[in-house]
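Here are the chains, one letter per residue:
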Amino acid sequence: MQDGAVPRPRQRRAGTWLVRGLLAAAWMALAAWGGHALAMRHGLQALQEAAAQRLEITAARLDAQLARFDFLPSLLETSAEVMRHLEAPGDALLGTAVNHYLQSLNAIAGAENLYVVGRDGMTLAAADFASPGTPLGHDLSYRPYVRDALAQGRGRFYGVGVTSARAGYYLSYALPARGQPRGLAAVKVNLADIENEWRQLPGQVLVVDEHRVAILSTRDEWRYRPLEPLQDAARAEAAQAKRYGASELVPLNWRLRNPGDHDASEQRVRVDGLAFAASVRDVNQGRWQLILLDDETALRANARTVAFSAALVAAIVLLLVALLAARRRETRQRLASGVALQAAHDSLERKVLERTDQLRAAQDELVHAGKLAALGQMSAGMVHELNQPLAALQTVSDNADKLIQMNRLDEARDNLARIGRLVGRLKRLSSQLRLFAYKPGGVPGMVQLRRLLAEVLQQLDGRLQEEGIAVDVQVEPEGLAVTGDEARLEQVLANLLGNAIDALRGSTAPRRIEVHATVQDGVARLRIRNNGPQIDHAILTRMFQPFVTSKPAGKGLGLGLMISDHIVREFGGTLRAQNLAPTGAEFVIELPARRDNSRET
């Protein structure tokens, strides 16, 4: 054998160990890759499921806040002072009165600001007229919500306040006179509080507008920065509308890690070099996007731990296979070590699951709080709408009991049938509780006034007898009918007649209510009069506004006449009130008469 020659068996053994080492390394790398991929997939799935629940809650809360004041600008259309001020913007005394009216109305509503803008874009009155930064006297004609309201009837806009330097969401509503917009009412909604609430949630939250510029964010340095560079047209529009104040609109370092899923609800992005799992949902009727960002740092650390554990388990399996035949005792020790590692892995998974359960419990609490808030907002309207039929139900049920005791069974059966109709009315009333949230979808039908009045007076019969009130009903022609919904017009008549009964309480003169219905030129006119005291002039001028009532505290919410006016106007009619001389008051309802009624006159 020559010097330095290597025996062939040693060469074969060296080659065998090299192949085994490479195979072992490949096996461990494959196990590590598979463990990492599996941990990332399951971790992302759990992260996205938890984020989806948070996204639903956050989106619902934001949409509710944006829609909370939708009704407020349109209320100003019912104010005679506001409409007169649009006709005479130079009247300083009238302007002062409108300023105070807006201030008191906004104090009840709780918006950031409420103001009136003329057709030329000048602010004529504002709720914060006495505060620094008020828009009173400023030209806002360049604002999109001003142009949109005058052109289309309504406008919506988010931007930085020019006079206050505070951002907000603006809702505008055209105020027409003689068929033409004379100006508009605008309400500013402050979203700073809801933005601060998001800071208490896990991860980051931001909202982008139609230009994909971040307008709300839990990180101040991201606010008013676009996700990608703005086009020249968008930048020019933002500058003209002063949408983002003095912001330079420097784009965020925003990069999609799955570019093919640009419109997907679940994305993976990098922002300023940090990796996030993004959950996206449209809000504000598709105008904006709400984005929840969950940091992947902890998830990646967990995946690396799982990959290391998988590689280690693979190495242990290789060692166990290699030593199985000769070293059974050592094999058992290695198995025990593998069990311990598995236990550590299971403990880690349990901690992840416990954290997920805690997060879901917190989300359940937020959902419960939202339900309680919604229940509180519904209760005031529900009490007012159900009070009158419940009172009638109590009276009829008491009479039925007495009639049964007196063995007057036929009359008792009539009362029981009346109770059934009242229960049906309560059911119909419950379906009307969404009156101001959604537009009714049904087509108005034909309502016979004589039959409807008889039904309402029958419900109020107990109160009328108790108060000693005589009622005179005249309907000419006898079959007079109007266009509307029977259940909702019943609410209106029950409210007006109930108010008339209340007005006569304490009157010393013979108490009388007159209900006269006539038709002329296709318009049915229903007059409800009482000979009680006149309505105070201060209340008469604004009695169809919300929360205005002459009743003592706890006896009325000031919503009934506003709701009645809304129902009548919805059917193309009008409702007005006036005092009679020397005493008494009268409410007049005008509704379109049915075609056959018009021919009878």
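For clarity, every value in this text was computed on a predicted model and none was experimentally measured.

What am I meant to see in the overall build of the chain here?
Within the chain, the secondary structure is distributed over 16 helices and 18 strands. Counting over 601 residues, the chain shows a buried share of 41%. In the chain, 60% of the contacts between residues at least 6 apart in sequence involve partners at least 24 apart. Summing over all exposed atoms, the chain offers an accessible surface of approximately 32600 Å²; the carbon and sulfur share of this is 55%.

Just to check I follow, could you spell out the environment of Pro 132 for this structure?
Residue placement: Pro 132 occurs in the loop between strand 2 (123-126) and helix 5 (144-152). C-alpha of Pro 132 to C-alpha of Ser 164: the two residues are 32 residues apart in sequence and 7.6 Å apart in space.

I'm lost on the pattern of salt bridges in this one. Help?
Side-chain pairs of opposite charge can arise where the charged atoms are in close proximity. Per the counting criterion, the structure on display carries 29 salt bridges. Across the pair Arg 223 and Glu 195 runs a salt bridge, and its minimum N-O distance is 3.0 Å. Pair noted here: Arg 223 is in the loop between strand 7 (214-217) and helix 7 (232-241) and Glu 195 is in helix 6 (residues 192-198), with a separation of 28 residues, a long-range link. We note a salt bridge from Glu 228 to Arg 212, for which the minimum N-O separation is 2.9 Å. In this pair, Glu 228 sits in the loop between strand 7 and helix 7 while Arg 212 sits in the loop between strand 6 (204-208) and strand 7, placing the two residues 16 residues apart along the sequence. Classification of Glu 228 as partly exposed rests on a relative accessible area of 32%.

In this structure, what is going on with the confidence of the model for the chain? I would like to understand it.
Looking at the chain as a whole, its pLDDT mean stands at 83, while 86% of the residues score no less than 70. Low pLDDT (under 50) marks residues 366-378, which in the prediction has 3 contacts with non-local residues, meaning those over four places away or in another chain. For residues 434-439, every residue scores under 50 in pLDDT, and the model assigns this stretch 8 contacts once sequence neighbours within four places are set aside.

Is there a simple way to explain unusual backbone geometry in this structure?
Glycine aside, the phi torsion of most residues is negative, and most peptide linkages are trans. With omega at 0 degrees, the peptide bond leading from Glu 476 into Pro 477 counts as cis. Tracing the chain through its elements places Pro 477 in the loop between strand 13 (470-475) and strand 14 (481-484). Of note, the phi angle at Lys 242 is positive, near 55 degrees, even though the residue is not glycine. With respect to the helices and strands, Lys 242 occurs in the loop between helix 7 and strand 8 (254-256). The exposure class assigned to Lys 242 is partly exposed, which follows from its relative accessible area of 41%. Phi is positive for Asn 407, which is not a glycine, with a value near 65 degrees. One can find Asn 407 in the loop between helix 9 (328-405) and helix 10 (409-431).

Help me understand the packing of aromatic side chains, please; the structure alone is not making it clear to me.
Centre distance and the angle of the planes are the two values used to describe a pair of aromatic rings. Under the counting rule described, the total for this entry stands at 7 aromatic pairs. Geometrically, the ring pair formed by Tyr 224 and Tyr 244 is tilted, given 6.2 Å between the ring centres and 50 degrees between the ring planes. Here Tyr 244 lies in the loop between helix 7 and strand 8 and Tyr 224 lies in the loop between strand 7 and helix 7, a separation of 20 residues in the sequence. The class for Tyr 224 is buried, based on a relative accessible area of 14%. Of the residues examined, Tyr 244 reaches a relative accessible area of 4% and is grouped as buried. The structure contains a cluster of three or more aromatic residues connected by ring pairs, namely Tyr 145, Phe 157 and Tyr 170. The ring of Tyr 170 has Arg 143 lying over it, and the distance from NZ or CZ to the ring centre is 5.7 Å.

What should I look at first to understand the sheet that holds strand 4 (residues 167-177) in this one?
Sheets are built from strands that pair by backbone hydrogen bonding, the pairs being arranged parallel or antiparallel. Strand order in this open sheet of 5 strands is 2-1-5-4-3, and the pairing throughout is antiparallel. Unpaired on one side and paired on the other, strand 2 and strand 3 (154-160) mark the two borders of the sheet. Strand after strand, the sheet turns through a mean of 25 degrees between neighbouring axes, direction not considered. For strand 1 (residues 113-118) and strand 5 (residues 180-189), the ladder comprises 6 bridges, and the chain directions are antiparallel. Its bridge partner lying in strand 5, Val 117 is registered against Leu 184. The sheet strands contacting helix 5 are strand 1, strand 3, strand 4 and strand 5, and the helix crosses strand 3 at an angle near 180 degrees.

About the cut-offs
- Residues numbered from 1 in each chain as written.
- Predicted model: local features only at pLDDT ≥ 70, side-chain atom pairs only at ≥ 80, totals over all residues.
- Heavy atoms only, no water.
- Helix = DSSP H or I, 4+ residues; strand = E, 2+ residues; numbered from the N terminus.
- Buried < 20%, exposed > 50% of the residue type's maximum accessible area, 1.4 Å probe, protein only.
- Contact = heavy atoms within 4.5 Å.
- Areas by Shrake-Rupley, 256 points an atom, 1.4 Å probe, with all protein chains shown as cover.
- Salt bridge = Lys/Arg side-chain N within 4 Å of Asp/Glu carboxyl O.
- pLDDT = per-residue confidence, 0-100.
- Phe/Tyr/Trp six-rings, centres within 6.5 Å; stacked < 30°, edge-to-face > 60°.
- Lys NZ or Arg CZ within 6 Å of the ring centre and 35° of its normal.
- Pairing = 2+ DSSP bridges.
- Axes fitted to C-alpha atoms, helices over the stretch in contact; angles between N-to-C directions.

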